[in-house]
Amino acid sequence: MQNENLDQYQIEFVELEKRFNNEKEKNHLLELYLIQTTFLESSNKLDSLVSTLHRIRYLQMDSGKDQLANTYLDLALAFDQKGDYDSLLFWSSRAEELIDTDSPYYGKLLVTQSFRSKFDGSYLESIEKLIQSVKIFESRGENQSLANAFTSIAYFYGRLGDLKNQEQALLNSLEINKSLSNKLGLVGVYNNLGVCLKSQNRLTEALTYYDLAFEILEELDSPMSIAQNLTNRGNIYEAQKDFEKAEELFLACETICQTHNIQYGIMLANLNLGNLYRQMKRFNQARVRLDIALSLSKKLKTKREEYLTFERLAWLERDRGDFGKAYQYLSDFQILRDSVVNESVQKEALELKEKYESEKKQNEIILLSKEKLRQQSLIVILTLGLLFLVFAILWIFNKNRLLRLEKQKEQQRLNYELELKGKELLTDSIRRVSIMNTKDAVSKELKELVADLPKTQAHRFKKIQRELASSKDDFLLQEFETRFLGVYESFFLRLKELAPDLTPTELRIAALIRLNFTSKEIASITNRSVGTIDNLRSNIRKKLSLTDDESLTQKLLDI
């Protein structure tokens, strides 16, 4: 979308949002927000996307569980793009509570569940879930979802190093995206095919796909995709030993990711620059870059990038001649990596270990015969292997236990802080609504006073009237409702289960009663008469089937 078209779109969106922001136009507002999510997703505006999805969630409180579950899934997918594992887990779990195998969103749920393995390494399980989703999307003719599922399958095959199946899955996705003329989807597939072919040393074919992606990217405003393309092209030049061109592209990628706060991209840029500087013998710069990559990989909880950083740190210390540190980093790499260490890595680890020990025991080794050295080395290898295995098992067990405890404590702290903040915002909203109503009352009294004043004096008071009117905020009461829902969402759901025929107005009055407001205070906040509020209280009591002896306030507090 060109800049002038983008500006016009934003203007029209704001105007429509204001026009539809009332109870009668609720469905139109919901439809507008759904259109907006498509634009925000394609523009990679993830923070705004999450905010809009929360507005949709509020508007769907009276809708069926399928629509609400779909919004939960969209929130989970948005947080996956942001690299927020805890929020991904939370919203996908909320969706699981509402979706069964017959739901139209079951395939989408399987896709969302598969993304969890980006953080825990269960890639085979994710592929199985995605294959299930492919069958569902094919049977329902959901071609765009089918293309996205194939792309995700290719991603996980790439994580496993299965390049043949990765390439085939990407070609399947490419065919579907071409038929749909999906430019953004084509960019992703072209970039991924380039990565896959580069891994097979088919560099000319890889560059062809990267060029195709870049041609489309020139038409789109997608920072993440541009950063990915720069990284991929930089990797090709690095493989061709054109280090200066590779450095230029990696630095450009870092700049884009910093500008748009793409943490995963910043981490990859530093990982690539660290390894590049190592090859260029700029060891100090390499160490700084790899330390940044290691810190970010731990923060983002991306295990693969973390163990790759350990591997490149081992290479760096090896090239610098510090075999002790190199051996330690390579051990960290082996422990963290999920698959079994291959023979080449075992050989490299043994060579580093022998070089490290040789610095301490050089005189002793000289005295040993070749036969004695062979026997001793064999014993050392077997002993170290056994100790390494025992240590790895104990370390993994304790690490998982500590991670679970830390995650539980962190989740409890976050829940408490969110609830406290929500209540503070709710109190502020109530105060602002009360101020608004007070201003209305002052304005009415001032109007009556001006009518009795001479015209020579009335103009001063009319100016005050205009200022009071211009500062009026028609959205304060709606803001209160939104914030109350954010804190007490379960209250509304439970109340509607007990009394499904409660109207939206009665739900709002019930919320204020639960906060222990009197009828007079509620009348002031909602700009209604006390008699109207009493009638609404009576209606709520009847719909909750309360007897004369039962307290309405206590009943609402118990929900």
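Remarks on the packing of aromatic side chains
Here is step 1 of the chain: According to the stated counting rule, one finds nine aromatic pairs in the structure shown.
Here is step 2 of the chain: Chaining the aromatic ring pairs together yields one cluster made of Tyr72, Phe90 and Trp91.
Here is step 3 of the chain: In this structure, Arg233 is placed above the aromatic ring of Phe214, and the distance from its NZ or CZ to the ring centre is 5.2 Å.

Description of the environment of Leu498
Here is step 1 of the chain: With respect to the helices, strands and loops of the structure, Leu498 is situated in helix H24 (residues 489–498).
Here is step 2 of the chain: The exposure class assigned to Leu498 is partly exposed, which follows from its relative accessible area of 34%.
Here is step 3 of the chain: Leave out the neighbours within four places in its chain, and Leu498 touches Lys543, Leu544 and Ile559.

A word on a nonpolar patch on the surface
Here is step 1 of the chain: On the surface, a nonpolar cluster with roughly 290 Å² of combined accessible area is contributed by Leu386, Val390 and Leu394.
Here is step 2 of the chain: Tracing the chain through its elements places Val390 in helix H21 (residues 370–451).
Here is step 3 of the chain: Judged by its relative accessible area of 43%, Val390 falls in the partly exposed class.

Thoughts on the packing of helix H10 (residues 163–180) against helix H11 (residues 183–199)
Here is step 1 of the chain: As a packed pair, H10 and H11 sit with axes 9 Å apart at the nearest point and diverge in direction by 155°. One way to sum up the angle between H10 and H11 is to call them roughly antiparallel. As H10 packs across H11, the resulting crossing turns out to be left-handed. Contacts between H10 and H11 involve Leu163, Gln166, Glu167, Leu170, Leu171, Ser173, Leu174, Asn177 and Lys178 from the former and Gly185, Leu186, Val189, Tyr190, Asn192, Leu193, Cys196, Leu197 and Ser199 from the latter.
Here is step 2 of the chain: By residue class, the composition of the contact of H10 with H11 is 10 nonpolar, six polar and two charged.

Focus on helix H4 (residues 65–82)
Here is step 1 of the chain: Relative to the 26 Å expected for 18 residues at 1.5 Å per residue, H4 spans 26 Å between its end C-alpha atoms, a close match to the ideal helical length.
Here is step 2 of the chain: Inspection of H4 places Leu68, Ala69, Asn70, Thr71, Tyr72, Leu73, Leu75, Ala76, Leu77, Ala78, Phe79 and Asp80 among the buried residues, and these make up the whole buried set.
Here is step 3 of the chain: Looking one or two residues past H4, Gly83 carries a phi angle of roughly 75°, positive in sign.

Examining the side chain of Ser126
Here is step 1 of the chain: Its location among the elements puts Ser126 in helix H8 (residues 123–140).
Here is step 2 of the chain: Polar side-chain contacts of Ser126 include one of 2.7 Å to the backbone oxygen of Ser114.
Here is step 3 of the chain: Contact partners of Ser126, with chain neighbours within four places excluded, come to Ser114, Ser117 and Phe156.

As for the packing of H24 against helix H25 (residues 504–514)
Here is step 1 of the chain: Where H24 meets H25, the axes come as close as 11 Å, and the angle between the chain directions of the two elements is 120°. Considering the angle they form, H24 stands oblique to H25. Considering the relative orientation of H24 and H25, their crossing is right-handed. Residues Phe491, Phe492, Leu495 and Lys496 of H24 lie in contact with H25, whose contacting residues are Leu507, Ala510, Ala511 and Arg514.

Topic: unusual backbone geometry
Here is step 1 of the chain: At Lys281, a position not held by glycine, the phi torsion is positive, near 65°.
Here is step 2 of the chain: Mapped onto the fold, Lys281 is located in the loop between helix H15 (263–279) and helix H16 (283–300).
Here is step 3 of the chain: Even without a glycine there, the phi angle at Asn516 is positive, about 70°.
Here is step 4 of the chain: Tracing the chain through its elements places Asn516 in the loop between H25 and helix H26 (519–526).

Re the nonpolar core
Here is step 1 of the chain: Counting residues in each nonpolar core, the largest one holds 65 residues, and the members touching the most others are Ile99, Ile153 and Tyr190.
Here is step 2 of the chain: Considering each element in turn, this core owes the most residues, nine residues, to H4.
Here is step 3 of the chain: Setting aside anything within four residues of it in sequence, one finds Ile99 in contact with Ala69, Leu73, Tyr105, Tyr106 and Leu109.

What about helix H14 (residues 243–259)?
Here is step 1 of the chain: For H14, built from 17 residues, the straight-helix expectation of 24 Å at 1.5 Å per residue is met to within 8% by its first-to-last C-alpha distance of 24 Å.
Here is step 2 of the chain: Where H14 is concerned, the buried positions are Phe243, Ala246, Glu247, Leu249, Phe250, Cys253, Glu254 and Cys257. The arc enclosing the buried residues of H14, seen along the axis, measures out at 170°, which places them on a common side. For H14, the exposed residues set more than 90 degrees away from the buried face come down to Glu244 and Thr259.
Here is step 3 of the chain: Residues of H14 that are buried make contact with helix H13 (223–239), H15 and H16.
Here is step 4 of the chain: Count one or two residues on from H14 and you reach Asn261, which has phi positive near 55°.

Regarding the state of the cysteines
Chemically, a disulfide is nothing more than a covalent bond linking the sulfur atoms of two cysteines.
Here is step 1 of the chain: Taken as a whole and assessed by the stated rule, the structure comprises zero disulfides.
Here is step 2 of the chain: Summary of cysteine pairing: Cys257 is not part of a disulfide, and the nearest cysteine sulfur, belonging to Cys253, is at 4.1 Å.

Description of the pattern of salt bridges
Here is step 1 of the chain: Evaluation of the coordinates by the stated rule reveals 21 salt bridges.
Here is step 2 of the chain: A salt bridge links Arg202 to Glu167; the shortest N-O distance between them is 3.3 Å. Of this pair, Arg202 sits in the loop between H11 and helix H12 (203–217) while Glu167 sits in helix H10; the two residues are 35 residues apart in sequence, bridging distant segments of the chain.
Here is step 3 of the chain: Overall, the relative accessible area of 26% leaves Arg202 in the partly exposed class.
Here is step 4 of the chain: With a shortest N-O distance of 3.2 Å, Asp319 and Arg318 are connected by a salt bridge.
Here is step 5 of the chain: Owing to a relative accessible area of 29%, Asp319 belongs among the partly exposed residues under this scheme.

Each value, and the rule that gives it
- Residues numbered from 1 in each chain as written.
- Predicted model: local features only at pLDDT ≥ 70, side-chain atom pairs only at ≥ 80, totals over all residues.
- Heavy atoms only, no water.
- Phe/Tyr/Trp six-rings, centres within 6.5 Å; stacked < 30°, edge-to-face > 60°.
- Lys NZ or Arg CZ within 6 Å of the ring centre and 35° of its normal.
- Helix = DSSP H or I, 4+ residues; strand = E, 2+ residues; numbered from the N terminus.
- Buried < 20%, exposed > 50% of the residue type's maximum accessible area, 1.4 Å probe, protein only.
- Contact = heavy atoms within 4.5 Å.
- Patch = residues over 30% accessible without salt bridge, like charges linked within 9 Å, V, L, I, M, F, W, Y side chains within 5 Å.
- Areas by Shrake-Rupley, 256 points an atom, 1.4 Å probe, with all protein chains shown as cover.
- Salt bridge = Lys/Arg side-chain N within 4 Å of Asp/Glu carboxyl O.
- Axes fitted to C-alpha atoms, helices over the stretch in contact; angles between N-to-C directions.
- Parallel < 35°, antiparallel > 145°, perpendicular 65-115°, else oblique.
- Left-handed = near helix turned anticlockwise from the far one by under 90°.
- Nonpolar A, V, L, I, M, F, W, Y, C, P; charged D, E, K, R; others polar.
- Expected span 1.5 Å × (residues − 1).
- Polar contact = N/O pair within 3.5 Å; in protein donor to acceptor, adjacent residues only side chain to side chain.
- Core = buried A, V, L, I, M, F, W, Y, C linked by side-chain atoms within 4.5 Å.
- Arc of directions from axis to C-beta.
- Disulfide = S-S within 2.5 Å.

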